[in-house]
Amino acid sequence: MEHFPILSFITFFPIVGMIIVLFLPKTRTTLIKGLTVFVTGIQVVAAAVILSLYDYTLGGINDPSTFQFIEKFRWIEIEGFAWLGTIKIDYFLGIDGLSVPMLLLTAIVTFIAAISSWSIDKSVKGYFAMFLLLDTGMMGVFVALDFFLFYVFWELMLLPMYFLIGIWGGPRREYAAIKFFLYTLLGSIFILLVMIGLYFSAQETLADGTKVFTFNILALMDTANYSEIGILSPLNPANLRFIAYLALFIGFAIKIPMFPFHTWLPDAHVEAPTAISVILAGILLKMGTYGILRFSYPIFPDITHQLIWYIALFGMINIIYGALCAMAQKDFKKLIAYSSVSHMGFVMLGMASLNSIGIAGAILQMFNHGTITAMLFLLVGVIYDRAHIRDLDAFGGLANQMPVFTGFTTVAFFAAIGLPGLSAFISEAFVFVGAFGYEPIRALAIISTLGILLGAGYMLWTLQRVFLGSLKEKWNTLPDLTFREYAMLIPLTLIIIFLGVYPSAMLDLMNSSVNQIVRFMDDAKILYGSLGIF
Amino acid sequence: MTEQLLIKFSILILFLPLIGFIVALLFGKRFSRIYLFENIVLFISFVLSVILVYAKLAYFIDSTITSEIQWITVGSTTIELGIELDNIAVLMILVVMIISLLVHLFSIAYMKGDSRYNRYFAYLGLFTFSMSGIVLTHNILMMYIFWELVGISSYLLIGFWYEKKSASDAAKKAFIVNRIGDIGMLAGVLMLFITYDTFTFDKIFDQISQGILPFNSEFWLTVTGLLIFCGAIGKSAQFPLHVWLPDAMEGPTPVSALIHAATMVAAGVYLVVKVFTMLTGDALFIIAIIGMLSALIPATIALTQNDIKRVLAYSTVSQLGYMIMALGVGAFTFAFFHLITHAFFKACLFLGSGSVIHGMHHEQDIRNMGGLRKKMPLTYATFLISSIAISGVPLTSGFLSKDGILAGTFAFGSLTGHWLFAIVGFLVAMLTAFYMFRLVILTFHGEPRNKDKYDHAHESPFIMVMPLVVLAGLSFFFWYTPNPLDASKGWVVTEWIKPPQISVPENARYDFMKTDILAQDGKIDGYPVSYSQKYTKAVHQAHYPAMLLSLLVAGLGILMAFVIYQWKKLDADKLALKMKPLYNISYNKWYFDEIYDATFVAGTTGLSKLLAKFDLKVIDGIVDGSATVTRGTSTFSGRFDNIVVDGLVNFMAYLSGFIGLIFRRFQTGKVQTYIVMVIFSLVILLFIFKSL
Amino acid sequence: MTEIGLNHFLIVSTVLFSLGIFGIVTRKNAVMVLMGIELVLNAANINFIAFAKYGGFGYQGQLVALFVIVLAAAEAAIALAIVLNIYKTFSTVDVDQIDTLKD
Amino acid sequence: MDLNLSYLFESLYLIKPEIVISIALVLVVTVDLFFSKDTPIKKKNLLAYISLAGTVAAAYFVIEQFGITAFAFAVSGSKGMMVVDAFGAFFKLLILLSTFLVIYFSIRSREITEGSDRLGEYYTLLLGMVLGMMFLVSSSDLILIYVSLELVSLSSYVLAGFTKHSLRNSEASLKYVIYGGVSSGIMLFGISILYGLTGSTNLYEINSLIQPASINNLALLLSGLMIFTGIGFKISAAPFHFWTPDVYEGSPLPFTAFLSVASKAAGFALLIRFIKITFIQSVDTIGNWHLLTLIDWQTFLIVLSILTMTLGNFAALWQSNMKRLLAYSSIAHAGYILLGLVVMTNQGLIAMLIYFAIYALMNLGAFFVVILIENRIQSEELDDYKGLGYTSPVLAASLAIFMISLIGLPPTAGFIAKLYIFIALIDVDMVMAAFIALLNTVVSLYYYIKVLKNIYLVRPETEPPAIAVTPFNLVILVVLLIPVLLFGVYFTPLVNFATNSITLLGF
Amino acid sequence: MNVYDLIFYLFAAITLLSAFFVVSTRNIVHAAFYLIFTFFGVAGIYVLLGADFVAIVQIIVYIGGILILLLFGVMLTNKITSVQIKSGAFQTIPAAIGVGLFAGILGAVLIRTSWKTIEPIIPESTTTGLGYLLMNEYVIVFELLGILLLIALIGAASMARK
């Protein structure tokens, strides 16, 4: 098993699936769907294998030796002349406690999204080809340890997403798709700039002792690798690290999406087909926060320390603002979308706390929000498939008509409002504990607690509007859940409950990495202090 | 009988109802009789709890049994799950189990024929589980968790008949108002955690007694205490968050009896009891004031309400306020004692009202009742007994506990000079007696005011009456003390319930709580010493005057009730007219709901609407506005609009399009024009760069 | 009146050049536009030869002039062919009317 | 005074590729004589095959002389008229490659084959143009430069109006000839001034002559600008680009493709050679060029390149005609490529070469798809593209890939091209320029995606016809697709090739 | 004020005046004829500059070739019978400004530039010199011009023929 490149497998297996799909005749829709489900299923299995082989004690983050399942070989190697530095880019995959939860999340959510895509009937072939391509992109983002590779995967997602929204989406799909595309592309050009800037600021020392410019993010985290002249080098008194940090942060913030860059989200969600909304909210949003934790924090610890309060502030704004916006929505899907904005705010708040509990809470919240919001979107999809509208006020009293559906929805909603016993509670509690424990952002943490009140407000209100009260005449024919829908919802429900009762299952996974990153940030504060950065 | 066994028992007690819940929920559709299973498991845990209490009091009366397992490890800190059995906890669990069991039995008949029969019992199971969790847990995080869980189960049960808008509204209101309190509590928990890096009560208290304080200041200790108390304000429906409880009466009556009279609302009191040791004097004083207000205001409201359950609801709030006030003035023992006694007779009252409502075919307005005495004698008898008990007439449990509380306030007055609590205490006692008997008289005495309803009225079946009888029986003195006039002679308040060692720094306490030397040695003229010698003295000096006074006021209240409603010597309506403003205030519940709706609710919803608009209009296109304006003015952007998108993007697109348009303008198609432009640009370039 | 020097020739060429350009951009008739181009080329030629003489650069300049003359001929031929073609398709040779291709 | 022709023969060996092309040209002319007006098109394609063969042979010789760096036609003592070096070879290969493809396109193209009675002229002119370009990229003497430029221009004037019966064609050729005539006139005048200043037309000699800054800067600047007018006209850099959209739209598609790649390439080669040889002072060890400080070169070029790309991208937003859209996009790309020159380092030069190679591939690919579609539906209007994604998936998919590459998204080669430009820029701390260029990329997304939107997202009321792809066309398509995708993920060979091709004779 | 100067001014005047008429007259045929004088004047200037051969070529090629070509153009694209021989001007003002500015700059720069001049030597027949040059350095250009002419021939033919 050690020699089997399982990360490459889990990343590129969907591509294989895509190629097969492309060669299948477009009439064999069932086969195509089945194949996709199978491929994603294999991914889940692979993820399980990874989990079973994963060593909980290793930290990762900035220490190459403690990364696991590392696959590293020279990808691009260009021997330059004297006056031109050689370019060496690695194909460098590896996972630590930060990536594993995301990897699991991606595998699971994609699998479930694949199942939920079964209802697609319009040019099936194209859909599933795009779907699988997207899958590879997402998986790659979470396992890549080379900035260049990461960027390739990051961009790889855009196009499939554009088509998936634009072709199979709702009435205003073109608009939503282009909006999504533009926003994210705008974000990624910032990332690209920083990437190149970093490339010229740090030099990695190879085995043979030669120093070369590098995209290796682990090397980029080590101040020893920086040169005095690099524009993004902390040793360079006239460096542009601050601007670069902002650029990188905006790049990721657009994905999160952080206020005020969030406006693509509601449109994209509302227009996208159910499965895609699930993936969008379940996985893509996490990439923003993941990116911040993986790149902004360890590569720019100095600036992070300077700006930490603002990160927390925006987290708070996201929480309150998203919740208030959600409260005013009439469209079921929009409401869920805004709730995502609010919940991602918790993640940012937790990240800003810079202590184990807070960051652990943030990562856990990423995972939990992934599962919960996926479930919510699936549920919206269920009702939309039946009623073909999403207007909250149009419903009412569905509890008697579709009791099982109501049951699942109730669980999901309660999870979303952080009810103890369900997964989100622990993560949100940890976020608060962490944020409260970090003196600079304590006040923000206190204000943010309003978020859980508002959350309860709009969620319960929605619950009431849709399910409680007396049943409207026209809905008394809606059937309850089908087998396929059970298949999608039950796993998520189980995960949500399980993690609510036994969060250690996930926390232990990330614990050592969390400690590692916290230690790294603290050390960095001292180190950079000694460098006279602060 | 080893400690481990007790722990096992308590775990069983805790989880059996949960199992009942899950089973009843999952198979409720399939098997119609599944509720029986739920009842059985509950009965088992009831039996276990009896054994538990017996064993605890018999063998480990002075020791606290704890056991914990590690739950989460993050960074350096670990969080445990644990159980802590002290006398208070076991007594509380017993109370919970007794009432829960009785309510179950009562419900079997009361809820018969409901479409979601099994679901109902499932929820009851969930509640029982969460409530026992609150009681048994040994750390405040778990307590918070179960705190939320009871909130949810109460939400589910209040909204059980969700077809009624009022029901679902009430449920939502209850949950959200509770959440407000919980946020405060959460903040308190966070304060504790960041200070002591643990959630476990004992560890926290130990560190406090070692003088470790939040931010090293007693002020912050006070704040922390009050923040945690916020949780109690929410759950125990204390002023100003009491508004949810009356609405909660939308739920089935047995639920009101179990949750909103006996147990869950008492959880707030229980919380204060649990953290009593870390409450500073200032904190206690504020708590006392809040308790006082909560005791007084609802009592005045209860005078004029006509819905039988609402009257009881307000009396519940008022009684809870009583307990809180008692804790505030340091009458720890009697506060908890009153919690127990009140649990029984208030449950009895609610179930009685349930029986009445059942008998009257879901009629709740007392103006349509009257004379039911003959129709449902048993219900009447039990109801009467409990009313006597709550009014504080001797020979009842209520007398004992209430008298103790009044004595406490009295003593507090004498020690600190704050007599207000005592005065309010007695006033509320009188009001209580008055409105309770108003209720009794209007319901059971006199002539039936609604004939046909009266004709169809009937006594409830045995399974409903039996719980009433049991609870009424529990409202007599002899369960608690041999001496009907003095609880201090009995075992409950002397042996079982003991005030804890105060761990707050000396100078942050009430004076009378400061430890003086004499307090250490055993008893003072037969009484166990609580806190300090002079406090104990003061309490016992206060005892007899308090007792007499309370008898007086209770009698007065009852008398007035009879005068007005039984013998009609005074016309109630005339009285109402005479003091119109007062009457209105009371009748309209001091306009709390209106005020809150006007301020907070409207505020929030308004803000959210505003922000949503903001989001749509402003964020989604800072210059969308200008873009639209220009769209109006310019001819092309209509065409342009469907090429690209709105919002901020729209603006960028608009701008880009505009620039593009400028560039397009050059492309006239006339080659000579191009050449002229080339010449011009040559000139310009030359001018630009000749300087460089 | 100074003695004739390089500058005089340069002035002539400059003016010729400018007139040529002016003709190109102003005249409607395509043929006259072509005439303008010829003027421009001639102006350049004068430059070459003048520089060659006054700079003492030898025959190079004259050679260039020769080449240019040949090129001018070729260009004129092709341009006229195109103009004829335009005349066939548009039945006008007014350059300012040939503007169907534009934004 | 006697003729020593020895150096002449040596030189002839150095211009084998050019000779081959001219032979092919003459061959085409002669063979064409044997065809009558009504010879079937099949037979006439023989001309195309001759030209193809000529291109291949020329390419072979170019590769053969890849390593060589030498002057050609240099009388003893003087610098030569031509230089043969890797840089030139790179562009010659590029030109020949695009010629090859364009000839193939022409065989397939409806527009060309309809005017079958003049196929002979068509290929003759095409080869003439190629010949001119090949001289252009390797000539080191202003006179030769001017003549070969004229050769290119003259043949392209005619080709632009090849299907002369259509209005668009003849208009295009007229505009082209007038615009071209003027700009070449201006260029000539500029050359004359430079000649006057230095007394030489040889770039190397001029360089050595102007090393002492005794020369009047203003006159030099003026002449430089006027010469740049001619070059800018070829590479269609703003503000000398005005002809581009009109001529591109008017010309027959294969020729438009040829213009957008080959003649641009020649123009850029000329520009680089001109600047780097004429105005260079020294190239230091890390590959930074130090130019004579006549003007602020960087500012000058930045202004031009930013102007060019911005203009191209923004104007393209509005286009609804595929040709015109591609015309503007080619202007924009010219801007990006100029950025590579801005940095004035070998790194930048490498970036330019890489960009050009990739640009040629993806642009030709896009044009090929457009040609195939045009053959079927006789239109390049975007509105007529609606729904093509469903009726003819292969074409649509490949067009999509080319578009993505033109935007510059990974994992396509277009990304690598842009990446290298930005690397070059940031390497010399020109962050702002890079940022603007990137914003331009975002803008360009609009119109490239618009194409895809029409193809896939919009479902027209009437389904467009299904366009079958013949095996041959498929092969060519794949041949273009593979590198566009492959270089996106593995660009080592390309970069090495470019790195080895930046050696200009002398520097 | 010697003869040389007089001749120069004469030729310059002829050239520029006729050139001015070329670009200003409304009658195309007149323009064409004015062009003859321009070319003649330029040829004269060549002679003054000692480029006799070039002057000859100028006269032969331009006046004998190009001009005829242009006249043909004029004839073929206008109906002599009608008075449609006239041709208007277009965008005169901006053109005047632009070209004026440019000419101004150009002239100013050219005059202000310090050209390295030597005392002009009156050369003997230039033909041989040109011949050698043509056959040595510039042979490749010469060849290329040949091809160019061929291309031009073919191109023009293919363009012009029916």
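Residues numbered from 1 in each chain as written. Chains lettered and ligands numbered in written order. Predicted model: local features only at pLDDT ≥ 70, side-chain atom pairs only at ≥ 80, totals over all residues. Heavy atoms only, no water.

## Section: the overall build of chain D
Argument step 1. Within chain D, the secondary structure is distributed over 21 helices and 4 strands.
Argument step 2. For 507 residues, the compact-globule estimate of 2.2 N^0.38 gives 23 Å, and the C-alpha radius of gyration of chain D, at 22 Å, lies within 12% of that figure.
Argument step 3. When burial is assessed residue by residue, chain D has 75% of its 507 residues classed as buried.
Argument step 4. Contacts in chain D between residues far apart in sequence, at least 24 positions, make up 79% of those at least 6 positions apart.
Argument step 5. Working note: accessible area of chain D is about 12,600 Å², and carbon and sulfur atoms make up 68% of it.
Argument step 6. Averaging the coordinates of the 25 positive side-chain charges in chain D and doing the same for the 28 negative ones gives two points 7 Å apart. (Helix = DSSP H or I, 4+ residues; strand = E, 2+ residues; numbered from the N terminus. Rg over C-alpha atoms; globule rule 2.2 N^0.38 Å. Buried < 20%, exposed > 50% of the residue type's maximum accessible area, 1.4 Å probe, protein only. Contact = heavy atoms within 4.5 Å. Areas by Shrake-Rupley, 256 points an atom, 1.4 Å probe, with all protein chains shown as cover. Lys, Arg positive; Asp, Glu negative; His and termini not counted. Charge placed at Lys NZ, Arg CZ, Asp CG, Glu CD.)

## Concerning a nonpolar patch on the surface
Argument step 1. Together, V394, L474, V478, I482, L486, V489 and Y490 of chain D give the surface a local cluster of nonpolar side chains, amounting to about 540 Å² of exposed area.
Argument step 2. With respect to the secondary-structure elements, V478 of chain D resides in helix 20 (residues 471-489). (Patch = residues over 30% accessible without salt bridge, like charges linked within 9 Å, V, L, I, M, F, W, Y side chains within 5 Å. Salt bridge = Lys/Arg side-chain N within 4 Å of Asp/Glu carboxyl O.)

## Details of empty space enclosed by the protein
Residue and element names in this part refer to chain D.
Argument step 1. Tallied over the entire structure, the rule returns 13 cavities of 30 Å³ or more.
Argument step 2. Volume-wise, the largest cavity comes out at about 150 Å³.
Argument step 3. If you trace the largest cavity, you find 13 residues lining it, with G224, L225, F279, I295 and W297 closest to the centre.
Argument step 4. Elements supplying a minimum of two residues to the lining of the largest cavity: helix 10 (217-235), helix 12 (253-278) and helix 13 (297-316).
Argument step 5. Among the elements that line the lining of the largest cavity, the one with the most residues is helix 10, at 5 residues. (1 Å grid on protein atoms, 1.4 Å probe; cavity = no way out; pocket = protein on both sides within 12 Å on 5 of 7 lines; lining within 4 Å. Points joined across faces, edges and corners; volume = space filled by probe spheres on them.)

## Some remarks on the packing of helix 14 (residues 356-387) of chain A against helix 17 (residues 423-437) of chain A
Residue and element names in this part refer to chain A.
Argument step 1. It is at 8 Å that the axes of helix 14 and helix 17 come closest, and there the two elements cross at 150°. Considering their axes alone, helix 14 and helix 17 lie roughly antiparallel with respect to each other. In this structure, helix 14 meets helix 17 at a crossing whose hand is left-handed. Residues I357, G358, G361, A362, L364, Q365, N368 and I372 of helix 14 form the contact with helix 17, whose participating residues are S423, A424, I426, S427, E428, F430, V431, V433 and G434.
Argument step 2. In terms of residue class, the contact of helix 14 with helix 17 is built from 9 nonpolar, 7 polar and 1 charged. (Axes fitted to C-alpha atoms, helices over the stretch in contact; angles between N-to-C directions. Parallel < 35°, antiparallel > 145°, perpendicular 65-115°, else oblique. Left-handed = near helix turned anticlockwise from the far one by under 90°. Nonpolar A, V, L, I, M, F, W, Y, C, P; charged D, E, K, R; others polar.)

## Quick word on the interface of chain C and chain E
Argument step 1. Facing the 69 residues of chain C at the interface are 81 residues of chain E.
Argument step 2. Here chain C meets chain E over a buried area of about 6,700 Å², counting both sides, of which 78% is carbon and sulfur.
Argument step 3. Of all residues in chain C, M35, K53 and Y59 of chain C give up the largest surface area on contact with chain E, accounting jointly for 10% of the area buried on that side.
Argument step 4. Joining chain C to chain E, the criterion identifies 10 residue pairs in polar contact (both at pLDDT 80 or more).
Argument step 5. Looking at the side of chain C that touches chain E, the elements with two or more residues in it are helix 1 (6-26), helix 2 (30-55) and helix 3 (60-90) of chain C.
Argument step 6. Here the element with the most residues in the side of chain C that touches chain E is helix 3 of chain C; it accounts for 23 residues.
Argument step 7. Across the side of chain C that touches chain E, the residue classes break down as 47 nonpolar, 15 polar and 7 charged. (Buried area = accessible area lost by both parts, 1.4 Å probe. Polar contact = N/O pair within 3.5 Å; in protein donor to acceptor, adjacent residues only side chain to side chain.)

## Notes on the interface of chain A and chain D
Argument step 1. Taken residue by residue, the interface counts 39 residues in chain A and 43 residues in chain D.
Argument step 2. Here chain A packs against chain D, burying approximately 3,800 Å² in sum over the two surfaces, 82% of which is carbon and sulfur.
Argument step 3. Along the contact surface separating chain A from chain D lie 1 salt bridge.
Argument step 4. Taking the shortest distance from any N to any O, the salt bridge between K453 of chain D and E174 of chain A comes out at 3.9 Å.
Argument step 5. In this assembly, chain A and chain D are joined by 2 residue pairs in polar contact (both at pLDDT 80 or more).

## Focus on the nonpolar core
Argument step 1. With 846 residues, the main nonpolar core has F147, F148 and Y297 of chain A as its most contacted residues.
Argument step 2. Ranked by the residues each element gives to this core, the list is headed by helix 15 (residues 346-377) of chain D, at 24 residues.
Argument step 3. Once you skip the residues sitting within four places of it in the chain, F147 of chain A turns out to touch I191, M195, L198, F215, I217, L220, L248 and F295 of chain A. (Core = buried A, V, L, I, M, F, W, Y, C linked by side-chain atoms within 4.5 Å.)

## Brief notes about the layout of surface pockets
Argument step 1. The space that makes up the second largest pocket amounts to roughly 1,900 Å³.
Argument step 2. Mapped onto the lining of the second largest pocket, the elements with two or more residues apiece are helix 1 (6-23), helix 4 (124-143), helix 5 (147-156) and helix 6 (158-168) of chain A together with helix 16 (388-391), helix 17 (393-407) and helix 20 of chain D.
Argument step 3. Considering only residue class, the lining of the second largest pocket consists of 39 nonpolar, 7 polar and 4 charged.

## Thoughts on the arrangement of the chains
Argument step 1. Inter-chain contacts occur across 8 pairs of chains; the most extensive set of contacts lies between chains C and E.
Argument step 2. No interface is formed between chain A and chain C, the nearest pair of C-alpha atoms being 25 Å apart.
Argument step 3. Between chain A and chain E there is no contact; the minimum C-alpha to C-alpha separation amounts to 36 Å.

## What about the pairing of strand 1 (residues 65-74) of chain B?
Residue and element names in this part refer to chain B.
Argument step 1. By the bridge criterion, 9 bridges tie strand 1 to strand 2 (residues 77-85) in an arrangement that is antiparallel. Bridge assignment links Q70 to a residue of strand 2, and that residue is E80.
Argument step 2. What sits between the antiparallel neighbours strand 1 and strand 2 is a turn of 2 residues, in which G75 has the positive phi angle 55°. (Pairing = 2+ DSSP bridges.)

## Concerning helix 17 of chain A
Argument step 1. The terminal C-alpha atoms of helix 17 of chain A lie 22 Å apart, and with 15 residues this matches the ideal 21 Å at 1.5 Å per residue to within 8%.
Argument step 2. Counting buried positions along helix 17 of chain A gives 14 out of 15 residues, so the element sits mostly inside the fold. (Expected span 1.5 Å × (residues − 1).)

## Looking at the packing of aromatic side chains
Residues and elements named next belong to chain A.
Argument step 1. Under the counting rule described, the total for this entry stands at 117 aromatic pairs over all chains.
Argument step 2. Centroid distance Y199 to F213: 5.5 Å. Interplanar angle 55°. Geometry classified as tilted. A residue pair is termed long-range when its members are at least 10 positions apart, and Y199 in helix 7 (residues 173-201) and F213 in strand 4 (residues 211-213) qualify at 14 residues.
Argument step 3. Among the residues examined, Y199 registers a relative accessible area of 2% and is labelled buried.
Argument step 4. We note R390 situated over the ring of Y384; from NZ or CZ to the ring centre the distance is 4.8 Å.
Argument step 5. Just above the ring of F436 sits the side chain of R442; from NZ or CZ to the centre is 5.3 Å. (Phe/Tyr/Trp six-rings, centres within 6.5 Å; stacked < 30°, edge-to-face > 60°. Lys NZ or Arg CZ within 6 Å of the ring centre and 35° of its normal.)

## So, the pattern of salt bridges
Argument step 1. Enumeration over the complete set of coordinates arrives at 42 salt bridges over all chains.
Argument step 2. Notably, a salt bridge pairs R172 of chain A with D267 of chain A, separated by 3.9 Å at the nearest N-O pair. One end of the pair, R172 of chain A, is in the loop between helix 6 and helix 7; the other, D267 of chain A, is in helix 10 (residues 264-271), with 95 residues separating them in the sequence.
Argument step 3. Taking the relative accessible area as the measure of exposure, R172 of chain A reaches 41% and is therefore partly exposed.
Argument step 4. Residue class for D267 of chain A comes out buried when judged on its relative accessible area of 7%.
Argument step 5. A salt bridge links R168 of chain D to E380 of chain D; the nearest nitrogen and oxygen atoms lie 3.5 Å apart. You can see R168 of chain D sitting in helix 8 (residues 167-198) and its partner E380 of chain D sitting in the loop between helix 15 and helix 16, a full 212 residues away along the chain.

## So, the confidence of the model for chain A
Argument step 1. The predicted model of chain A has a mean per-residue pLDDT of 88, with 98% of residues at 70 or higher.
Argument step 2. Within chain A, no element has a lower average pLDDT than strand 4 of chain A, which sits at 81, and none a higher one than helix 3 (residues 99-116) of chain A, at 94. (pLDDT = per-residue confidence, 0-100.)

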